[in-house]
There are 2 protein chains.
Amino acid sequence: MNSPHLHKGSRQPAASRGKLRLYSNRFCPYSQRVILVLDAKKIAYDVVNINLYSKPEWYYDKSPFGKVPALELENGDVLYESLIIVDYLDEKYRAHHLHSQDPLQKAKDRLLIEQFNRVVNAMYKILSSIGRVNLDEDEAVANGLASFERELANRGTHFYGGNKPGMLDLMIWPWCERSEILKLFGNANLLKKDKYKRLLEWSRRMTEEPSVKRSMMDSDTHIKYLQSYRAGRPDYDMILNSTD
Amino acid sequence: MNSPHLHKGSRQPAASRGKLRLYSNRFCPYSQRVILVLDAKKIAYDVVNINLYSKPEWYYDKSPFGKVPALELENGDVLYESLIIVDYLDEKYRAHHLHSQDPLQKAKDRLLIEQFNRVVNAMYKILSSIGRVNLDEDEAVANGLASFERELANRGTHFYGGNKPGMLDLMIWPWCERSEILKLFGNANLLKKDKYKRLLEWSRRMTEEPSVKRSMMDSDTHIKYLQSYRAGRPDYDMILNSTD
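It should be emphasised that the depicted structure is a prediction, and the values quoted were computed from it without experimental measurement. (Residues numbered from 1 in each chain as written. Chains lettered and ligands numbered in written order. Predicted model: local features only at pLDDT ≥ 70, side-chain atom pairs only at ≥ 80, totals over all residues. Heavy atoms only, no water.)

Looking now at the environment of leucine 240 of chain B. Residues and elements named next belong to chain B. Here leucine 240 lies in helix H11 (residues 238–242). Overall, leucine 240 belongs to the partly exposed group, its relative accessible area being 24%. The spatial distance from the C-alpha of leucine 240 to the C-alpha of asparagine 2 is 6.1 Å, given a sequence separation of 238 residues. For leucine 240, the contacting residues outside a window of four places in its chain are Asn2, Ser3 and Pro4. (Helix = DSSP H or I, 4+ residues; strand = E, 2+ residues; numbered from the N terminus. Buried < 20%, exposed > 50% of the residue type's maximum accessible area, 1.4 Å probe, protein only. Contact = heavy atoms within 4.5 Å.)

Quick look at the structure:
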């Protein structure tokens, strides 16, 4: 998953020979959603990383709007939209199911995933504004997290999915992994530890899950990437270069 | 489904006693999606219509963001978001299934439902602009419809769902039912009959389906409603009043 990001002019890789292939980007949280699901369900796959700043010409033949993630199936069909891909994977590969098997619980979890978008959108607004005070967005993040803290209390389980991470846990994780960045750019009190005790405990447990560990990056790496992105030169191959 | 729309000050109706209750609005296409699914699956339900211009105070206790559609279940739980509600109904009530039972076909249909949003968004832009030329939006509608015309040709079936309407048919129908309005406000050539032969034939077949007929309104009614909406006084109870 740390392969170099293909860019304008890069040659199209050979067909993947009956294995799933994920077109991805190492720093894209939506791509990470699909990786988390593939890893949690122990499904074999290849990764082709795409430079989103300079996309290979042939990539539009794979993903109609040039977006990642896009999942190429064994038969050549390509699915996109992270939530549609993960639902497909959960229905097609029945082992290690991630959605609740109860239609009502599944619907409630899907609503919470939608609701988490409010946190995500506010987070992006905070991260994209430099040196500005973001009271509305801070509040949206704080209210959103507070409702997820309450939800975890109501469920009384280690994870939203029970005793192991389920679909809801995995779908919100990529932004939780990046939450430390907010301390740099948002209100210093935003992520006050005593307000989100359960959520912090949940977060610690998530980092200990082998399938979550696989794609995890530390806060320093996320911050370094964000700085390169803000400078207009997103350093997608940062990890690859640093391990050279 | 033509009951008067409750507004600010309206009393909250008594509990629905073990029957599904849909909070709806007679002219809301997203609410119609849920009605189409309930009717296609022959599920019993009550309707409580909500005036979206002047919402009853108690409505926010039902639907957290005050939106319709919202489905109140027998146990008092409330689901919202049209696509999440219909997926729930299709999983919970197994008879007359609407989604394909093949995970890949289901994922492809869900992508097409997402893609249809581009048509819907362009349509709203055309309808909300008075006396302006909307070349980009006209093109978005035309391209979108052309791709749905091709899709129907590729499938070679009467409906997207095969020999009867499936989830994709029902999810795009509310805007197709309203498409005649575009002729009034958009480019006169936009819906040229010879470009969308299959789609027009599909549309005719849809209007003959008993479960589609139940919620259907004619173009004159849609246009009259749109005019009242544009004048700032949406006449939600139009049908009710006209049949008095």
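Picking up where we left off.
This paragraph deals with the domain arrangement of chain A. Residue and element names in this part refer to chain A. Each assigned domain of chain A is listed here: domain 1 (20–97 + 234–242) and domain 2 (103–213). Counting the contacts that link domain 1 with domain 2 gives four residue pairs in polar contact (both at pLDDT 80 or more). Only helix H1 (29–40) and helix H3 (82–92) provide two or more residues apiece to the side of domain 1 that touches domain 2. Class assignment of the residues belonging to the side of domain 1 that touches domain 2 gives a composition of nine nonpolar, two polar and five charged. (Domains from an automatic or database assignment. Polar contact = N/O pair within 3.5 Å; in protein donor to acceptor, adjacent residues only side chain to side chain. Nonpolar A, V, L, I, M, F, W, Y, C, P; charged D, E, K, R; others polar.)

As recorded in UniProt, the sites labelled "domain: GST N-terminal" (unreviewed entry) are residues 18–97 of chain A. Spanning residues 18–97 of chain A, this segment combines 34% helix with 20% strand, and its end C-alpha atoms are found 23 Å apart. (UniProt positions renumbered as here; feature names shortened; annotations may be inferred.)

Here the focus is the pairing of strand E2 (residues 45–49) of chain B. Residues and elements named next belong to chain B. The element E2 is largely enclosed, with a buried count of four among its five residues. One ladder, built from five bridges, connects strand E1 (residues 20–24) with E2; its direction is parallel. Following the sheet pairing, serine 24 is matched in E2 by asparagine 49. Regarding the hand of the β-α-β motif, the stretch spanning E1, helix H1 (residues 29–40) and E2 is right-handed. (Pairing = 2+ DSSP bridges. Right-handed = clockwise from strand over helix to strand, strands pointing away.)

Looking now at the pattern of salt bridges. Residues and elements named next belong to chain A. Throughout the structure, instances matching the rule amount to 27 salt bridges over all chains. A salt bridge links glutamate 72 to lysine 62; the nearest nitrogen and oxygen atoms lie 2.7 Å apart. In this pair, glutamate 72 sits in strand E3 (residues 70–72) while lysine 62 sits in helix H2 (residues 59–62), placing the two residues 10 residues apart along the sequence. Taken individually, glutamate 72 and lysine 62 each receive the classification buried, so the pair is uniform in this respect. (Salt bridge = Lys/Arg side-chain N within 4 Å of Asp/Glu carboxyl O.)

Turning our eyes to something else, we now look at the relation of the copies chain A and chain B. When chain A is fitted to chain B, the best match, at an RMSD of 0.0 Å, comes from turning it 180° and sliding it 0.0 Å along the axis. When the rotation and shift are considered jointly, the pair of chain copies conforms to a two-fold rotation axis. In terms of C-alpha distance to the rotation axis, chain A has aspartate 87 of chain A as its closest residue, with the C-alpha 5.9 Å off the axis. (Least-squares fit on C-alpha atoms with pLDDT ≥ 70 in both.)

Turning next to the environment of leucine 112 of chain A. Residue and element names in this part refer to chain A. Summarising the element assignment, leucine 112 is placed in helix H4 (residues 103–128). Here leucine 112 falls in the buried class, since its relative accessible area comes to 10%. Expressed as a C-alpha distance, the spacing of leucine 112 and isoleucine 181, which sit 69 residues apart in the sequence, is 23 Å. Contacts of leucine 112, omitting those with residues within four sequence positions, involve Phe148, Glu151, Arg155 and Leu168.

What follows is about the packing of H4 of chain A against helix H6 (residues 167–177) of chain A. Residue and element names in this part refer to chain A. Running from N to C, H4 and H6 cross one another at 5°; their axes reach a closest spacing of 10 Å. As judged from the angle between their axes, H4 and H6 are roughly parallel. On H6, the residues touching Asp109, Leu112, Ile113, Phe116, Val120, Met123 and Tyr124 of H4 are Met167, Leu168, Met171, Ile172, Trp175 and Cys176. Partitioned by chemical class, the residues of the contact of H4 with H6 number 12 nonpolar, no polar and one charged. (Axes fitted to C-alpha atoms, helices over the stretch in contact; angles between N-to-C directions. Parallel < 35°, antiparallel > 145°, perpendicular 65-115°, else oblique.)

This paragraph deals with the interface of chain A and chain B. Often the size quoted for an interface is simply the accessible area lost on bringing the parts together. Every contact between the two is made by 23 residues of chain A and, on the other side, 23 residues of chain B. Summed over both partners, the interface of chain A with chain B buries about 2,200 Å², with 65% contributed by carbon and sulfur atoms. It is Ile84, Arg110 and Leu111 of chain A that lose the most area in chain A upon contact with chain B, and together they represent 26% of the buried surface on that side. A salt bridge links arginine 110 of chain A to aspartate 87 of chain B; the nearest nitrogen and oxygen atoms lie 2.7 Å apart. Remark: the boundary between chain A and chain B carries eight residue pairs in polar contact (both at pLDDT 80 or more). Contributions of two or more residues to the side of chain A that touches chain B are made by strand E4 (78–80), H3 and H4 of chain A. Tallied by class, residues from the side of chain A that touches chain B come to 11 nonpolar, two polar and 10 charged. (Buried area = accessible area lost by both parts, 1.4 Å probe.)

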